[in-house]
Amino acid sequence: MSVTVAYIWFFCTKGGDKMSSLENRVTLNTYLREATMCLALQLISDGKEEYTPPHLFVKRCFEPLGENARVLEIGAADGAFANGMRLGGLNIVVSEAVSSMRKYSSIPESEWILFNIIDDDFPDIFDGILAWRVFIHFSSKDLAISLDKSYRALNPGGRLVFNLYSNKAHPEYDGGAHDNSSSPTWAYSQRYYFSYSEEYVRELIEKTPFRVAHFHREGENDEWLVFVLEKPR
């Protein structure tokens, strides 16, 4: 273990045991320190996407829940995606595990929740949960924990919508990969990424009472695996 990783491990675990993996804690600590660069790079990445922005798809996923359905977004960053969902009529509650993201958010503080899906208890029971481009940093252990906790935090008939990197498009992340950008700004950045096969994710889902309401692949070279899970009524 490098000196930097060892320091972050101590920093992130001091004060009690955590359920999340070391890789997830290291990644969160990087975003905590470098929120500004993270958001800037995300804007650049979004501009290069070759598929339709997911707002309409996500709205359709939650429409069966009814007009008054409450949806919790996990890892909302600055809340820009949530704002787009709200304009579309979705009643969405914003949560983020990285406190430094708060200062970049236009979401009212009363509607912004500091929440780590792996280590924290859900603040309430919801009709829907959205984790868009969040589980790409989750090991199989973290993903399994998140699926189980999401199921218990949903009302009957509730839905969990999430996407993951496909290991066919991203074999470099299969089994987890540590990313150190060559950019001077990110010279000390440590982030972990994971990619999965559809078959493996379905095996994890089968260990929960969730049913798969929808699945598709999207993006260049089918980069993303997109799942919509439903809790039985």
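In case you missed it, the structure is sitting above this.
To keep things clear, this report deals only with the structure shown in the data block. (Residues numbered from 1 in each chain as written. Predicted model: local features only at pLDDT ≥ 70, side-chain atom pairs only at ≥ 80, totals over all residues. Heavy atoms only, no water.)

1. A word on the packing of helix H6 (residues 140-152) against helix H7 (residues 198-206)
If you want to describe how two helices pack, look at the angle between their axes and the distance between the axes. What counts is decided by this rule: What counts as an axis is a line fitted to C-alpha atoms, over the stretch in contact for a helix, and the angles between N-to-C directions run from 0 to 180 degrees. Helix and strand definitions follow DSSP, with helices as H or I runs of at least four residues and strands as E runs of at least two, each counted in order from the N terminus. Here is the rule for angles: anything less than 35 degrees is roughly parallel, anything more than 145 is roughly antiparallel, 65 through 115 is roughly perpendicular, and the remaining ranges are oblique. For a crossing to be left-handed, the near helix must be turned anticlockwise from the far one by less than a right angle; the clockwise case is right-handed. Two residues form a contact once any of their heavy atoms are found within 4.5 Å. Residues are grouped as follows: Ala, Val, Leu, Ile, Met, Phe, Trp, Tyr, Cys and Pro are nonpolar; Asp, Glu, Lys and Arg are charged; every other residue, Gly included, is polar.
Axis separation between H6 and H7 bottoms out at 10 Å; the angle between their running directions is 40 degrees. By the criterion of interaxial angle, the relationship of H6 to H7 is oblique. Crossing geometry of H6 relative to H7 is assigned as right-handed. Where H6 approaches H7, its residues Ser 140, Leu 143, Ala 144 and Leu 147 are matched on the opposing element by Tyr 200, Leu 204 and Ile 205. A breakdown of the residues in the contact of H6 with H7 according to their chemical character gives six nonpolar, one polar and no charged.

2. Observations regarding unusual backbone geometry
Most peptide bonds adopt trans geometry, and most residues besides glycine take a negative phi value. In this structure, Ala 77 is a non-glycine residue whose phi angle is positive, near 55 degrees. Looking at the secondary structure, you find Ala 77 in the loop between strand E1 (70-73) and helix H5 (80-87). Its identity is not glycine, yet Asn 221 carries a phi of approximately 60 degrees, on the positive side. With respect to the secondary-structure elements, Asn 221 resides in the loop between strand E9 (211-218) and strand E10 (224-230).

3. A look at H7
Heads up, the condition is: Categorising residues by exposure relies on relative accessible area from a 1.4 Å probe, with only protein chains included: less than 20% of the type maximum marks a residue as buried, more than 50% marks it as exposed, and the intermediate range marks it as partly exposed. It is the directions from the helix axis to the C-beta atoms that the arc portrays.
Here H7 has its buried residues at Glu 198, Val 201, Leu 204 and Ile 205. Down the axis of H7, the sector holding all buried residues measures 125 degrees, keeping them to one side. Looking at the buried side of H7, the elements it contacts are H6, strand E5 (154-166), strand E8 (195-196), E9 and E10.

4. Here's the deal with the environment of Asn 29
Among the structural elements, Asn 29 can be located in helix H2 (residues 22-33). Measuring from C-alpha to C-alpha, the distance between Asn 29 and Val 98 comes to 8.0 Å, with 69 residues separating the pair along the chain.

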